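Notes for the structure review
Here is what each chain is made of, one letter per residue.
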Amino acid sequence: VWQHPFVNVFKHVQLEEWKRSSKEGDVTALMDRSLKCTVYKIRGAIPAGNYIQIPKTSSQSLGLTGRHLYVLFRPLPGKHFVVHVDVGAEDGQSIRISFSNLFKEFKSTATWLQFPFVCGAVKGSVYDSTAQGARHGLVGPAPSGSRWTCLLLDLRYILSVYLSRTYSHLRSVKLCSNLLVKNLVTSDLIFNPEVTYAEARQSKILQDGATPMPRELAFPVPKGEKWHDLYDFIR
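Now for a description of the structure that goes with this document. Everything quoted here is computed from the prediction, not taken from an experiment.

1. Section: the pairing of strand β13 (residues 179-187)
Extensive coverage of β13 is indicated by the burial of nine of its nine residues. Across three bridges, the pairing between strand β1 (residues 6-8) and β13 is antiparallel. Considered in β13, the bridge of Phe 6 is made with Ser 187. As defined by bridge partners, strand β4 (residues 37-43) adjoins β13 across three bridges and the pair is classed as antiparallel. Along β13, the bridge assignment pairs Lys 41 with Leu 180. Looking at chain direction, strand β6 (residues 68-75) and β13 are connected through eight bridges and run antiparallel. If you follow Leu 69 over to β13, its bridge partner there is Thr 186.

2. Overview of the pairing of strand β3 (residues 26-32)
Direction of pairing for β3 relative to β4: antiparallel, over a ladder of seven bridges. Bridged to Val 27 within β4 is Ile 42. Connecting the antiparallel pair β3 and β4 is a turn made up of four residues, with Lys 36 showing a positive phi of about 60 degrees.

3. Quick word on helix α3 (residues 155-163)
What α3 keeps buried is the set Leu 155, Ile 158, Leu 159 and Leu 163. An end-on view of α3 places all buried positions within 95 degrees of arc, on one side of the element. Each element contacted by the buried residues of α3 is listed here: β6, β7 (82-89), β8 (94-100), β10 (112-116), β11 (149-154) and β12 (167-176). A positive backbone phi angle near 50 degrees is found at Ser 164, which sits one or two residues after α3.

4. Observations regarding the packing of aromatic side chains
Summed over all chains, the structure comprises 17 aromatic pairs. Ring centres of Tyr 70 and Phe 191 lie 5.3 Å apart, and the angle between their planes is 45 degrees; on these two criteria the pair is classed as tilted. Here Phe 191 lies in strand β14 (residues 191-196) and Tyr 70 lies in strand β6, a separation of 121 residues in the sequence. Taking the relative accessible area as the measure of exposure, Phe 191 reaches 1% and is therefore buried. Taken together, the ring pairs in this structure connect Phe 73, Phe 81, Phe 99 and Phe 117 into an aromatic cluster. Over the ring of Tyr 51 we find Lys 174, and its NZ or CZ is 4.2 Å from the ring centre.

5. Considering the pattern of salt bridges
Applying the stated rule across the entire model yields seven salt bridges. With its nearest N and O atoms 3.4 Å apart, the salt bridge here joins Asp 26 to Arg 43. Of this pair, Asp 26 sits in strand β3 while Arg 43 is found in strand β4, placing the two residues 17 residues apart along the sequence.

6. Some details on the environment of Leu 151
Following the sequence through the fold, Leu 151 ends up in strand β11. Residues Leu 151 and Arg 235, 84 residues apart in the sequence, show an inter-C-alpha distance of 6.0 Å. If sequence neighbours within four positions are ignored, Leu 151 has contacts with Leu 69, Tyr 70, Val 71, Phe 73, Phe 99, Phe 117 and Ile 234.

Rules used throughout
- Residues numbered from 1 in each chain as written.
- Predicted model: local features only at pLDDT ≥ 70, side-chain atom pairs only at ≥ 80, totals over all residues.
- Heavy atoms only, no water.
- Buried < 20%, exposed > 50% of the residue type's maximum accessible area, 1.4 Å probe, protein only.
- Helix = DSSP H or I, 4+ residues; strand = E, 2+ residues; numbered from the N terminus.
- Pairing = 2+ DSSP bridges.
- Arc of directions from axis to C-beta.
- Contact = heavy atoms within 4.5 Å.
- Phe/Tyr/Trp six-rings, centres within 6.5 Å; stacked < 30°, edge-to-face > 60°.
- Lys NZ or Arg CZ within 6 Å of the ring centre and 35° of its normal.
- Salt bridge = Lys/Arg side-chain N within 4 Å of Asp/Glu carboxyl O.

Any functional reading would require information that these geometric values do not contain.
Have a look at this one:
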């Protein structure tokens, strides 16, 4: 019951204290001017040596049951990053889901799914227009205008479709260089990051049964700007 409607993972493990999580290598907390909040910057040439791991050790489990994992992050320009998400299936099997702009193509084994990640660029930038003209599967280092991204992973769907397994819970997450991260969230709800609670109250229609983004997870949108011109939402 306590996990509904969502779990703010960084708050849940009190990330800033590093008692229920660990960090290795070049990890710093900083104030992000565009988001107006504290974010974590993970840098370093070797992703396996520069990371934040939640919970502290791989033998522990978060035990979070929300079917959706939201990753609020921004790839660092000109760099590669890797994120590992370890989940438990109902048969007890542990499975790793990874996404990275290092991966050239999708790969799968019985216990590991690797998804290539394509980084978006600031709307209207040179990279944005060339990327749209290039082939769809554009992977590689993040562009100079890489954007804050809300990535929604439907863990139940991913396990069911790719491995014919039934999702049980989120065990752990390892965020490796090079990226900025604002938060991780688990929920059974589909949030629409473009719509705030205030706007929803003013009767904006939400499609697909989506729920407005909770205030503590929302990206700020200056007056007169559009959410999609500033950020990426990948589902």
